[in-house]
Amino acid sequence: MIGKQLSPSEACEQNIRDLYETAFPPEEQIPYHDLLYLMDMMHLDFTAYYEGEKLVGFTIVYPRKSFNWFWYFAVSDKLRGKGYGQQILSMLMNRYKDSTNILDMESPEQACENFEQRQRRHAFYLRNGFRDTGIGKSFDGVDMTILINGTGTFTMQDYDDVLNELRSFWSSMPNTD
C-alpha cells in the first residue's frame, strides 16, 4: 500500500469525496468545499492510501507545534476488517513518530445505535498505543472522547484551543453564499 499526499485539486476526486461523505455521520462533517479550502489555510496533511489503483482510505492531519491533530481517518467500507486500517495507522504513526498525536472519536460509553462499532474503534486505538485522556465534549448530542499517543498530556484548554483555531480559520473563509 502507498500513501499519497494530496493537494486540494487532487482531493476533489469523486471517490475521495464519496468516502468522506459515507464514512462519517453528517454531524461530524464540514462541507467538503470548506474542507478543501481549509487544506491550504491550515496546511492540512491530506493523504490518500492506495492498493494499486484502488483507494483504500484517507487521513487528514492538522500538524501543530505542540501536537498533531488526527482529524479524519477513513477506510473504504468494503475493505474494513481486512487489516488496511492497521496498515494506514502504522504508516501515519511512523510519519509522526517524533510527535505527540491526538484524535477525537465518538465516545465508546455513550448509548447509541453504533455502540459496538465505537467500542471496537476505541479498542483498536488503544491496541495501537493511544491512551484515553479523560477529556471529552459533546457536539449536537454526540459525546466525543480524546485519545493521545506520545509523550505529554492533553487538557480541556488544549481541546478548546484547537476548536478555537478551527473556528478562526473557518470564520476567515470567503462567504460563498
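Treat the numbers as computed from the prediction; the structure is a model and nothing was measured.

A.B. asks: Looking at this structure, how should I read the packing of aromatic side chains?
C.D. replies: Both the distance between ring centres and the angle between the ring planes are used here to describe each pair of aromatic rings. By the definition in use, this model includes 19 aromatic pairs. Taking the centre distance of 6.0 Å and the plane angle of 50 degrees together, the rings of Tyr 20 and Phe 24 count as tilted. Accessibility assignment for this pair places Tyr 20 and Phe 24 in one class, buried. Judged by centre distance (6.3 Å) and plane angle (70 degrees), the rings of Phe 70 and Phe 130 are edge-to-face. Linking Phe 70 in strand 4 (residues 68-75) with Phe 130 in the loop between helix 4 (115-127) and strand 6 (131-139), this pair joins segments that are 60 residues apart in sequence. Aromatic rings pair up to connect Tyr 20, Phe 24, Tyr 32, Phe 46, Phe 58, Trp 71 and Tyr 72 into one cluster. Sitting over the face of the ring of Tyr 159, Lys 137 holds its NZ or CZ atom 6.0 Å from the ring centroid.

A.B. asks: Looking at this structure, how should I read the pattern of salt bridges?
C.D. replies: Between side chains of opposite charge, a pair can form as their charged atoms come close. If you walk through the whole model with that rule in mind, you get seven salt bridges. The partner of Arg 95 in a salt bridge is Asp 45, and the shortest N-O contact between them spans 2.6 Å. Separated by 50 residues along the polypeptide, Arg 95 in helix 3 (residues 84-95) and Asp 45 in strand 2 (residues 45-51) bring together distant segments of the chain. The exposure class of Arg 95 is partly exposed, given its relative accessible area of 35%. Classification of Asp 45 as buried rests on a relative accessible area of 4%. We note a salt bridge from Arg 121 to Glu 106, for which the minimum N-O separation is 3.1 Å. Residue Arg 121 is found in helix 4, and its partner Glu 106 is found in strand 5 (residues 101-106); the two are separated by 15 residues along the sequence.

A.B. asks: Would you mind showing me how to read the nonpolar core here?
C.D. replies: Ranked by internal contacts, the top residues of the largest apolar core, which has 38 residues, are Leu 35, Phe 46, Phe 58, Trp 69 and Trp 71. Breaking this core down by element, the ones donating at least two residues are helix 1 (14-23), helix 2 (32-41), strand 2, strand 3 (54-63), strand 4, strand 7 (142-149) and helix 5 (156-171). Setting aside chain neighbours within four positions, we find Trp 69 in contact with Ile 60, Val 61, Tyr 62, Ile 102, Asp 104, Ile 146, Phe 154, Tyr 159 and Val 162. Judged by nonpolar contacts, the second largest core, of 19 residues, contains Val 56, Tyr 84, Leu 89 and Met 93.

A.B. asks: Is there a simple way to explain the sheet that holds strand 4 in this structure?
C.D. replies: Note on sheets: strands pair through backbone hydrogen bonds, and any given pair is parallel or antiparallel. Strand order across the open sheet formed by seven strands is 1-2-3-4-5-7-6, with mixed pairing between neighbours. Only two strands of the sheet have a single neighbouring strand rather than two, namely strand 1 (2-5) and strand 6. Along the sheet, successive strands turn relative to each other by an average axial angle of 30 degrees, direction set aside. Across six bridges, strand 5 lies against strand 7 in antiparallel orientation. Residue pairing in the sheet places Ile 102 in a bridge with Ile 148 of strand 7. On the sheet, helix 5 packs against strand 3, strand 4, strand 5, strand 6 and strand 7 and is oriented at approximately 45 degrees with respect to strand 6.

A.B. asks: What is the right way to read helix 3 from this model?
C.D. replies: Helical periodicity: at 3.6 residues per turn, an α-helix aligns residues three or four positions apart in one direction. Counted at 1.5 Å a residue, the expected span for helix 3 with its twelve residues is 16 Å, and the 17 Å between its end C-alpha atoms agrees. For helix 3, the full list of buried residues reads Tyr 84, Gly 85, Ile 88, Leu 89, Leu 92 and Met 93. Buried residues along helix 3 cover an arc of 165 degrees about the axis, so they all sit on one side. Buried residues belonging to helix 3 abut strand 2, strand 3, strand 4, strand 5, helix 4 and strand 7.

A.B. asks: Got a minute to help me understand helix 1 in this structure?
C.D. replies: Along helix 1, the positions that sit buried rather than exposed are Ile 16, Leu 19 and Tyr 20. The buried residues of helix 1 occupy one face: seen down the axis, they fall within an arc of 100 degrees. In this structure, the buried side of helix 1 is in contact with helix 2, strand 2, strand 3 and strand 4.

Definitions and limits used
Residues numbered from 1 in each chain as written. Predicted model: local features only at pLDDT ≥ 70, side-chain atom pairs only at ≥ 80, totals over all residues. Heavy atoms only, no water. Phe/Tyr/Trp six-rings, centres within 6.5 Å; stacked < 30°, edge-to-face > 60°. Buried < 20%, exposed > 50% of the residue type's maximum accessible area, 1.4 Å probe, protein only. Helix = DSSP H or I, 4+ residues; strand = E, 2+ residues; numbered from the N terminus. Lys NZ or Arg CZ within 6 Å of the ring centre and 35° of its normal. Salt bridge = Lys/Arg side-chain N within 4 Å of Asp/Glu carboxyl O. Core = buried A, V, L, I, M, F, W, Y, C linked by side-chain atoms within 4.5 Å. Contact = heavy atoms within 4.5 Å. Pairing = 2+ DSSP bridges. Axes fitted to C-alpha atoms, helices over the stretch in contact; angles between N-to-C directions. Expected span 1.5 Å × (residues − 1). Arc of directions from axis to C-beta.

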